[in-house]
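Coordinate analysis (summary)
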Amino acid sequence: MELFGLPVETVYFYALIFSGAVTLLYLFFGDALSGLLDGLINPVLIFSFIAIFSAAGYAAEVLTSFHSILIAVISAIISLILVILLNIFVLIPLSAAEESLVYKETDLRGRTGTVITTVPEDGYGEVLIESISGRIAKPAVSFNKKTIPSGSKVLVIDVADGVLEVGLYEEMENFY
């Protein structure tokens, strides 16, 4: 069977090369184009559908003697199933993942933590700050120049040269 004056195998092969090239370009320039192409369907899904469809179609045309229309339908079903699985198990979890686990020291101001090594009045101790992305253990000094025992809950008041300045954290009780 011929399509566009070319054998169907050739059309599938050209579609495979085209979708691979466009996918590669989208990989490099996707961030620049993300505002233009964002919508209901992710462009990666479209490119991968065309790539899987054309690869399955080309393989089936070369290896089997089925009719070209049946091969196109089977290739479309295979491609649709694989693209749905790609979306569910790869793209959706990636879009929900944290972008970065990096933090700035100024982000620690106002956070609460637990003293793991007693903070003396004129020396250094250690404080553990827990967050969604993990735990951070940092050296600490007492802001009020009072000893803070191990296990106490503290509030980070300031950060200077990688050292936390902490004070005892006093929770307010609800009186209503």
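We now turn to the structure provided with this report. (Residues numbered from 1 in each chain as written. Predicted model: local features only at pLDDT ≥ 70, side-chain atom pairs only at ≥ 80, totals over all residues. Heavy atoms only, no water.)

1. A look at the pattern of salt bridges
- By the definition in use, this model includes 2 salt bridges.
- Across the pair arginine 135 and glutamate 130 runs a salt bridge whose closest N-O atoms are separated by 4.0 Å.
- For arginine 135, a relative accessible area of 62% corresponds to the exposed category. (Salt bridge = Lys/Arg side-chain N within 4 Å of Asp/Glu carboxyl O. Buried < 20%, exposed > 50% of the residue type's maximum accessible area, 1.4 Å probe, protein only.)

2. Some thoughts on the sheet that holds strand β6 (residues 153-160)
- With respect to topology, 5 strands assemble into a closed barrel ordered β3-β4-β5-β7-β6, the strand pairing being mixed. The mean inter-strand angle of the sheet, taken between neighbouring strand axes irrespective of direction, is 55°.
- Taken together, the 7 bridges between strand β4 (residues 125-131) and strand β5 (residues 134-142) define a ladder with antiparallel strand orientation. Note on β5: the bridge partner recorded for isoleucine 129 is isoleucine 136. (Pairing = 2+ DSSP bridges. Helix = DSSP H or I, 4+ residues; strand = E, 2+ residues; numbered from the N terminus. Axes fitted to C-alpha atoms, helices over the stretch in contact; angles between N-to-C directions.)

3. Quick notes on the side chain of serine 142
- Secondary-structure assignment places serine 142 in strand β5.
- Residue serine 142 is classed as buried on the basis of its relative accessible area of 3%.
- There is a polar contact of 2.7 Å between the side chain of serine 142 and the backbone oxygen of lysine 146.
- Excluding residues within four positions of it along the chain, serine 142 makes contact with Val119, Pro120, Ile148 and Val166. (Polar contact = N/O pair within 3.5 Å; in protein donor to acceptor, adjacent residues only side chain to side chain. Contact = heavy atoms within 4.5 Å.)

4. Some words on the packing of helix α2 (residues 43-63) against helix α3 (residues 68-96)
- Packing of α2 against α3 brings their axes to within 8 Å, and their N-to-C directions diverge by 140°. Between α2 and α3 lies a crossing whose hand is right-handed. Judged by residue contacts, Val44, Leu45, Ser48, Phe49, Ile52, Phe53, Ala56, Gly57, Ala60 and Glu61 of α2 engage Ser68, Ile71, Ala72, Ser75, Ala76, Ser79, Leu80, Leu82, Val83, Leu86, Asn87 and Leu91 from α3.
- Classifying every residue of the contact of α2 with α3 by side-chain character gives 15 nonpolar, 6 polar and 1 charged. (Left-handed = near helix turned anticlockwise from the far one by under 90°. Nonpolar A, V, L, I, M, F, W, Y, C, P; charged D, E, K, R; others polar.)

5. A word on the packing of aromatic side chains
- Evaluated as defined, the whole model comprises 4 aromatic pairs.
- Ring geometry for phenylalanine 13 against tyrosine 58: centres 5.6 Å apart, planes inclined by 40°, an arrangement best described as tilted. Taken together, the residues span a long stretch of sequence, with phenylalanine 13 in helix α1 (residues 8-37) and tyrosine 58 in helix α2 at a distance of 45 residues.
- A relative accessible area of 36% means that phenylalanine 13 is categorised as partly exposed. (Phe/Tyr/Trp six-rings, centres within 6.5 Å; stacked < 30°, edge-to-face > 60°.)

6. Some words on the side chain of serine 75
- On the secondary structure map, serine 75 appears in helix α3.
- Within the structure, the side chain of serine 75 is placed 2.8 Å from the backbone oxygen of isoleucine 71, a separation counted as a polar contact.

Shape descriptors only; they carry no functional weight alone.
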